[in-house]
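The chain contents come next:
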Amino acid sequence: MDRTILDKYRGRWVALRADGSVADDDEHLNDLLDRLEENHAVEVTVQRIPLADEPLFVGLR
Amino acid sequence: VPLWVFPHLDLGEPALPDGSLIRRPVVTVAARESEIPLRAVVDSGSPISVADSTLFSRLGINLGEDPPLFEVPLTLGGGSQRLPVYSVELLLQPPPGSQDEPISWTLQLGARENWKLPFAVLFGQRGWFDRFRTTIDGNATSVQR
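Predicted model only: the values in this text are computed from it and were never measured.

## Concerning the overall build of chain B
- In terms of helices and strands, chain B carries one helix and twelve strands.
- Ordered by position from the N terminus, the helices and strands of chain B form the series β-β-β-β-β-β-α-β-β-β-β-β-β.
- Overall size of chain B, expressed as C-alpha extent along the three principal axes, is 40 × 40 × 25 Å.
- For chain B, the proportion of its 145 residues judged to be buried stands at 53%.
- For chain B, restricting intrachain contacts to residue pairs at least 6 apart in sequence, the fraction spanning at least 24 positions comes to 61%.
- Summing over all exposed atoms, chain B offers an accessible surface of approximately 6600 Å²; the carbon and sulfur share of this is 47%.

Next comes the structure, spelled out in C-alpha coordinates:
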(Lines give C-alpha, C1' and ligand atoms only; values in the text may rest on other atoms or scores of the structure.)
Protein backbone atom coordinates (compact mmCIF):
# COMPACT_ATOMS: atom_id res chain seq x y z
CA MET A 1 0.00 0.00 0.00
CA ASP A 2 1.20 3.45 -0.89
CA ARG A 3 1.30 5.08 2.54
CA THR A 4 1.72 8.57 1.07
CA ILE A 5 -1.97 8.57 0.09
CA LEU A 6 -3.35 7.07 3.28
CA ASP A 7 -4.25 10.21 5.18
CA LYS A 8 -6.73 11.30 2.54
CA TYR A 9 -8.75 8.11 2.96
CA ARG A 10 -8.51 7.33 6.67
CA GLY A 11 -11.81 6.08 8.07
CA ARG A 12 -13.18 5.33 4.60
CA TRP A 13 -13.70 2.23 2.49
CA VAL A 14 -11.52 2.24 -0.61
CA ALA A 15 -11.33 0.24 -3.84
CA LEU A 16 -7.69 -0.39 -4.59
CA ARG A 17 -6.20 -1.19 -7.96
CA ALA A 18 -3.41 -3.73 -8.26
CA ASP A 19 -0.81 -0.94 -8.21
CA GLY A 20 -2.16 0.31 -4.86
CA SER A 21 -3.86 3.42 -6.22
CA VAL A 22 -7.39 4.23 -5.11
CA ALA A 23 -10.09 3.80 -7.77
CA ASP A 24 -13.00 4.96 -5.58
CA ASP A 25 -13.89 5.50 -1.93
CA ASP A 26 -16.89 6.00 0.33
CA GLU A 27 -17.82 6.28 3.99
CA HIS A 28 -20.13 3.27 3.62
CA LEU A 29 -19.11 -0.12 2.25
CA ASN A 30 -22.46 -0.86 0.67
CA ASP A 31 -22.55 2.43 -1.21
CA LEU A 32 -19.04 1.87 -2.51
CA LEU A 33 -19.84 -1.65 -3.70
CA ASP A 34 -23.04 -0.46 -5.39
CA ARG A 35 -21.17 2.25 -7.26
CA LEU A 36 -18.33 -0.04 -8.28
CA GLU A 37 -20.82 -2.51 -9.72
CA GLU A 38 -22.72 0.21 -11.55
CA ASN A 39 -19.45 1.36 -13.05
CA HIS A 40 -18.45 -2.21 -13.91
CA ALA A 41 -15.22 -1.80 -11.99
CA VAL A 42 -12.83 -4.66 -12.47
CA GLU A 43 -9.63 -5.73 -10.79
CA VAL A 44 -10.12 -3.73 -7.64
CA THR A 45 -10.10 -4.98 -4.07
CA VAL A 46 -11.98 -3.33 -1.22
CA GLN A 47 -10.84 -2.61 2.31
CA ARG A 48 -11.25 0.07 4.98
CA ILE A 49 -8.39 2.46 5.79
CA PRO A 50 -8.19 2.74 9.59
CA LEU A 51 -8.01 6.07 11.38
CA ALA A 52 -4.56 7.14 12.53
CA ASP A 53 -5.48 6.71 16.20
CA GLU A 54 -7.57 3.55 15.99
CA PRO A 55 -6.59 0.82 18.44
CA LEU A 56 -4.79 -2.14 17.01
CA PHE A 57 -6.92 -5.23 16.42
CA VAL A 58 -5.30 -8.23 18.06
CA GLY A 59 -8.03 -10.82 18.34
CA LEU A 60 -11.62 -11.86 18.57
CA ARG A 61 -13.26 -12.87 21.79
CA VAL B 1 -1.25 -30.58 -3.26
CA PRO B 2 -1.32 -27.22 -5.07
CA LEU B 3 -0.53 -24.24 -2.87
CA TRP B 4 -1.75 -20.71 -3.07
CA VAL B 5 0.69 -18.28 -1.43
CA PHE B 6 -0.69 -14.93 -0.31
CA PRO B 7 1.97 -12.40 0.78
CA HIS B 8 1.12 -10.55 3.98
CA LEU B 9 -0.20 -7.05 3.33
CA ASP B 10 0.08 -3.65 4.97
CA LEU B 11 -3.54 -2.53 5.32
CA GLY B 12 -2.67 1.03 6.22
CA GLU B 13 -2.77 0.58 9.96
CA PRO B 14 -0.64 3.02 11.95
CA ALA B 15 2.95 1.85 12.22
CA LEU B 16 4.30 0.59 15.52
CA PRO B 17 6.24 3.12 17.64
CA ASP B 18 9.53 1.83 16.23
CA GLY B 19 8.29 2.59 12.72
CA SER B 20 7.74 -1.00 11.65
CA LEU B 21 4.66 -1.66 9.52
CA ILE B 22 1.93 -4.13 10.47
CA ARG B 23 1.47 -6.80 7.83
CA ARG B 24 -1.63 -9.01 8.04
CA PRO B 25 -2.31 -12.48 6.66
CA VAL B 26 -4.77 -11.46 3.95
CA VAL B 27 -6.80 -13.34 1.36
CA THR B 28 -9.42 -11.98 -1.03
CA VAL B 29 -13.00 -13.22 -1.24
CA ALA B 30 -16.18 -12.33 -3.10
CA ALA B 31 -19.85 -13.11 -2.62
CA ARG B 32 -20.03 -14.41 -6.17
CA GLU B 33 -18.17 -14.23 -9.47
CA SER B 34 -19.63 -10.87 -10.46
CA GLU B 35 -19.11 -9.22 -7.06
CA ILE B 36 -16.27 -6.91 -6.05
CA PRO B 37 -13.60 -8.76 -4.01
CA LEU B 38 -13.07 -7.86 -0.36
CA ARG B 39 -9.96 -8.24 1.75
CA ALA B 40 -10.18 -10.79 4.56
CA VAL B 41 -7.73 -11.45 7.39
CA VAL B 42 -6.94 -15.02 8.41
CA ASP B 43 -6.72 -15.36 12.21
CA SER B 44 -5.96 -18.77 13.66
CA GLY B 45 -6.84 -17.54 17.16
CA SER B 46 -10.44 -16.73 16.29
CA PRO B 47 -12.88 -19.57 16.98
CA ILE B 48 -15.36 -18.35 14.37
CA SER B 49 -15.46 -16.32 11.16
CA VAL B 50 -17.10 -12.91 11.05
CA ALA B 51 -17.87 -10.35 8.35
CA ASP B 52 -19.24 -6.86 7.95
CA SER B 53 -23.02 -7.09 7.75
CA THR B 54 -22.89 -5.48 4.30
CA LEU B 55 -21.55 -8.71 2.84
CA PHE B 56 -24.72 -10.56 3.82
CA SER B 57 -27.01 -8.41 1.73
CA ARG B 58 -24.70 -9.13 -1.22
CA LEU B 59 -25.23 -12.81 -0.43
CA GLY B 60 -29.01 -12.39 -0.51
CA ILE B 61 -29.45 -12.68 3.26
CA ASN B 62 -31.82 -10.31 5.05
CA LEU B 63 -30.37 -9.97 8.53
CA GLY B 64 -33.61 -8.61 9.96
CA GLU B 65 -35.78 -11.42 8.65
CA ASP B 66 -33.81 -14.54 7.74
CA PRO B 67 -33.28 -16.81 10.76
CA PRO B 68 -29.61 -17.50 11.59
CA LEU B 69 -28.20 -20.92 12.36
CA PHE B 70 -27.44 -19.64 15.86
CA GLU B 71 -26.21 -16.57 17.71
CA VAL B 72 -23.02 -16.00 19.66
CA PRO B 73 -22.02 -13.18 22.03
CA LEU B 74 -18.92 -11.54 20.62
CA THR B 75 -16.49 -8.73 21.27
CA LEU B 76 -14.79 -7.49 18.15
CA GLY B 77 -12.92 -4.25 17.58
CA GLY B 78 -13.90 -2.89 20.98
CA GLY B 79 -17.66 -3.46 20.82
CA SER B 80 -19.79 -6.33 22.07
CA GLN B 81 -23.00 -7.66 20.51
CA ARG B 82 -24.92 -10.86 19.89
CA LEU B 83 -23.89 -12.06 16.51
CA PRO B 84 -26.16 -14.02 14.14
CA VAL B 85 -24.30 -16.78 12.29
CA TYR B 86 -25.42 -17.94 8.84
CA SER B 87 -24.37 -20.63 6.42
CA VAL B 88 -23.03 -18.86 3.33
CA GLU B 89 -21.06 -19.64 0.20
CA LEU B 90 -18.04 -17.53 -0.71
CA LEU B 91 -15.47 -17.47 -3.48
CA LEU B 92 -11.79 -17.45 -2.55
CA GLN B 93 -9.86 -15.52 -5.18
CA PRO B 94 -6.45 -16.82 -6.29
CA PRO B 95 -3.36 -14.85 -5.25
CA PRO B 96 -2.12 -12.02 -7.47
CA GLY B 97 -0.58 -13.28 -10.69
CA SER B 98 -2.29 -16.67 -10.58
CA GLN B 99 -4.40 -17.84 -13.50
CA ASP B 100 -6.28 -20.34 -11.32
CA GLU B 101 -10.04 -20.21 -10.96
CA PRO B 102 -11.60 -19.04 -7.67
CA ILE B 103 -12.61 -21.70 -5.15
CA SER B 104 -16.15 -21.85 -3.81
CA TRP B 105 -16.85 -23.15 -0.32
CA THR B 106 -19.63 -23.12 2.24
CA LEU B 107 -18.95 -21.80 5.72
CA GLN B 108 -20.55 -20.52 8.88
CA LEU B 109 -20.14 -16.73 9.01
CA GLY B 110 -21.23 -14.25 11.65
CA ALA B 111 -22.68 -10.85 10.71
CA ARG B 112 -21.27 -7.88 12.58
CA GLU B 113 -22.88 -4.42 12.51
CA ASN B 114 -20.80 -1.23 12.80
CA TRP B 115 -17.66 -2.85 11.47
CA LYS B 116 -14.58 -0.65 11.93
CA LEU B 117 -11.71 -2.95 11.03
CA PRO B 118 -9.47 -2.45 7.97
CA PHE B 119 -10.70 -5.72 6.48
CA ALA B 120 -14.29 -6.70 5.74
CA VAL B 121 -14.01 -10.36 6.76
CA LEU B 122 -12.17 -12.19 9.55
CA PHE B 123 -11.63 -15.90 8.97
CA GLY B 124 -11.15 -18.11 12.01
CA GLN B 125 -11.06 -21.77 12.93
CA ARG B 126 -14.63 -22.47 11.89
CA GLY B 127 -15.20 -21.33 8.35
CA TRP B 128 -11.57 -21.21 7.26
CA PHE B 129 -9.24 -23.62 9.03
CA ASP B 130 -11.84 -26.40 8.93
CA ARG B 131 -11.75 -26.11 5.11
CA PHE B 132 -8.27 -24.94 4.11
CA ARG B 133 -5.02 -26.37 5.45
CA THR B 134 -3.13 -23.15 6.07
CA THR B 135 0.43 -22.24 7.06
CA ILE B 136 1.17 -18.71 8.23
CA ASP B 137 4.75 -17.53 8.64
CA GLY B 138 6.28 -14.08 8.92
CA ASN B 139 5.84 -13.24 5.27
CA ALA B 140 2.96 -15.12 3.73
CA THR B 141 -0.11 -17.32 4.11
CA SER B 142 0.14 -20.63 2.24
CA VAL B 143 -3.16 -22.33 1.52
CA GLN B 144 -3.65 -25.87 0.27
CA ARG B 145 -6.50 -25.89 -2.16
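There's more to say after this.
## What about the interface of chain B and chain A?
- The interface is formed by 36 residues belonging to chain B together with 28 residues belonging to chain A.
- Across the interface of chain B and chain A, roughly 2600 Å² is buried in total on both sides, 58% from carbon and sulfur atoms.
- Counting across the chain B and chain A interface gives two salt bridges.
- Here Arg 58 of chain B makes a salt bridge to Asp 34 of chain A, at a shortest N to O gap of 2.9 Å.
- Taken together, the connections running from chain B to chain A amount to ten residue pairs in polar contact (both at pLDDT 80 or more).
- Sorting the residues of the side of chain B that touches chain A by element identifies β5 (38-42), β6 (50-52), α1 (54-58) and β7 (70-76) of chain B as the ones contributing at least two each.
- By residue class, the composition of the side of chain B that touches chain A is 20 nonpolar, seven polar and nine charged.

## Quick word on the nonpolar core
- Membership of the largest hydrophobic core comes to 51 residues, with the highest contact counts inside it found for Val 46 of chain A together with Leu 55, Leu 92 and Phe 123 of chain B.
- Setting aside chain neighbours within four positions, we find Leu 92 of chain B in contact with Trp 4, Phe 6, Val 27, Thr 28, Val 29, Pro 102, Ile 103, Trp 105, Trp 128 and Phe 132 of chain B.

Definitions and cut-offs
- Residues numbered from 1 in each chain as written.
- Chains lettered and ligands numbered in written order.
- Predicted model: local features only at pLDDT ≥ 70, side-chain atom pairs only at ≥ 80, totals over all residues.
- Heavy atoms only, no water.
- Helix = DSSP H or I, 4+ residues; strand = E, 2+ residues; numbered from the N terminus.
- Buried < 20%, exposed > 50% of the residue type's maximum accessible area, 1.4 Å probe, protein only.
- Contact = heavy atoms within 4.5 Å.
- Areas by Shrake-Rupley, 256 points an atom, 1.4 Å probe, with all protein chains shown as cover.
- Buried area = accessible area lost by both parts, 1.4 Å probe.
- Salt bridge = Lys/Arg side-chain N within 4 Å of Asp/Glu carboxyl O.
- Polar contact = N/O pair within 3.5 Å; in protein donor to acceptor, adjacent residues only side chain to side chain.
- Nonpolar A, V, L, I, M, F, W, Y, C, P; charged D, E, K, R; others polar.
- Core = buried A, V, L, I, M, F, W, Y, C linked by side-chain atoms within 4.5 Å.

Geometric values such as these leave the question of function open.
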